Amino acid sequence: MIDSGATQDFIDREVCNKHGIKMIKAKNPREIYLADRKPSAMGPVTHMTKVPVDISSHRELATFQVANLQNHEVILGMPWLREHNPTIDWNDKRITFNSERCTTWCLKSSPVAYAIPEEKALEENLITRFSKIQAKNGPTANNQSVRVRKLSAEARVPMKGTARAAGHDLYANEGTDVPARVQAIVGTGIAIGLPHNTYGRIAPRSSLAVKHRLMTNAGVIDSDNRGEVKVVLANLGDQLYRVEKGDRIAQLIIEKSRQQGGTRSNPVG
Ligand SMILES: [Zn+2]
């Protein structure tokens, strides 16, 4: 919780105990006073602690006073607000870390800090989940996460249709007609960075293959491919098949590459 009415930054004592966070004894125990000058049940403060705190891509080592917060894990008060000086849009519930300190020290990746609309948070979770799922089957290299980058705002991140599905569904990012006996290229609006020594195979979705004789062609993504993933759809049937934007058109299966330690030149994109 961010509370501009709090004179200090606090962390809940139980949270520290539960997670084994090391607490440092304060030199002088302090009472916490409420606005009416009575001592608060949150205190007295006898310990301090330093904990890494992640808020989206913003990371810092924060110093907290340990208190009995009960309803909150942490309260980020005035010291924190002054230090990071974020822009807070209270209506949209959006925090933008745009101070010089944050852009220099705290932000891991994106210089534009983070909004927390639900849709965005959800999307970020999906990306993380996707990475985790794939990492399980990946090689035991250091960097084995699958990175998914959206190249357009409306592109959809690959999703597993069912828990037991081998692949992740790929979504069309544009509407396309695939006439009978013809093949068409459909953009997905995403780029994928694969772990070293893996490749992505684009396979037909079985329902499309069975019902509409819609197959996939030329569907391999190298681990060094950074460009847009495009699906070649081949219509082996007798009728035109209309792909709508947002349709699931194929599936992506990540497999281990047999090639040992080889490097490829010519990265795309
Ligand atoms: Zn910061």
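This is a predicted model, so every value here is computed, not measured. (Residues numbered from 1 in each chain as written. Predicted model: local features only at pLDDT ≥ 70, side-chain atom pairs only at ≥ 80, totals over all residues.)

Of the regular secondary structure elements, the protein chain holds 5 helices and 18 strands. When the 269 residues of the protein chain are sorted by exposure, 25% land in the buried category. Counted over contacts in the protein chain with a minimum sequence separation of 6, partners at least 24 positions apart contribute 63%. (Helix = DSSP H or I, 4+ residues; strand = E, 2+ residues; numbered from the N terminus. Buried ≥ 20, exposed ≤ 12 C-beta atoms within 10 Å, placed from the backbone. Contact = placed C-beta atoms within 7 Å.)

With mixed pairing, 5 strands are arranged side by side in an open sheet as β2-β3-β4-β1-β5. In the strand order of this sheet, the two ends are held by β2 (24-30) and β5 (74-75), each with one partner. By the bridge criterion, 8 bridges tie strand β3 (residues 45-55) to strand β4 (residues 58-67) in an arrangement that is antiparallel. Within β4, the position partnered with Ile55 by the bridge is His58. (Pairing = 2+ DSSP bridges.)

For the protein chain, the mean per-residue pLDDT works out to 78, and 77% of the residues sit at or above 70. Averaged over each element, pLDDT in the protein chain is lowest for helix α4 (residues 118-137) (50) and highest for strand β17 (residues 241-243) (94). Taken as a whole, residues 110-118 scores under 50 in pLDDT and shows 20 contacts with residues more than four places along the chain or in a different chain. Taken as a whole, residues 261-269 scores under 50 in pLDDT and shows 11 contacts with residues more than four places along the chain or in a different chain. (pLDDT = per-residue confidence, 0-100.)

On to the pairing of strand β14 (residues 214-217), then. Side chains of β14 alternate between two faces, with Leu214 and Thr216 buried and Met215 and Asn217 left unburied. Here 4 bridges tie β14 to strand β16 (residues 228-235), and the two strands are oriented antiparallel to one another. The partner of Thr216 across the bridge, within β16, is Leu233.

Turning our attention to the environment of Val74. Following the sequence through the fold, Val74 ends up in strand β5. By the C-beta count within 10 Å, which is 19 here, Val74 ends up partly exposed. Residues Val74 and Phe10 lie 64 residues apart in sequence; the distance between their C-alpha atoms is 5.5 Å.

Moving on to unusual backbone geometry. The linkage connecting Gly43 with the following residue, Pro44, adopts the cis geometry, with an omega of 0°. Mapped onto the secondary structure, Pro44 falls in the loop between β2 and β3. Positive phi is not limited to glycine here, since Arg181 has a value of about 65°. In this structure, Arg181 sits in the loop between β11 (176-178) and β12 (183-193). Despite not being glycine, Arg213 has its phi angle at roughly 55°, a positive value.

Strand order in the open sheet formed by 4 strands is β8-β12-β16-β14, and the pairing between neighbours is antiparallel. The outermost strands of the open sheet, each flanked by one partner alone, are β8 (147-150) and β14. Each adjacent strand pair in this sheet contributes to an overall mean axis angle of 45°, direction not counted. (Axes fitted to C-alpha atoms, helices over the stretch in contact; angles between N-to-C directions.)

Now for the nonpolar core. Leu170, Ile192, Val231, Leu233, Val243 and Ile249 are the most contacted members of the largest nonpolar core, which has 25 residues in total. Element by element, the count of residues in this core is highest for strand β18 (residues 248-256), at 4 residues. Contacts of Ile192, omitting those with residues within four sequence positions, involve Val146, Arg147, Val148, Gly200, Ile221 and Val229. Grouped together as the second largest cluster of nonpolar side chains are 10 residues, Phe10, Ile11, Val45 and Trp80 included. (Core = buried A, V, L, I, M, F, W, Y, C linked by C-beta atoms within 7 Å.)

Moving on, we come to the environment of Asn197. Within the secondary structure, Asn197 is located in the loop between β12 and β13 (198-204). Taking the C-beta count within 10 Å as the criterion, Asn197 has 17 such neighbours and is therefore assigned partly exposed.

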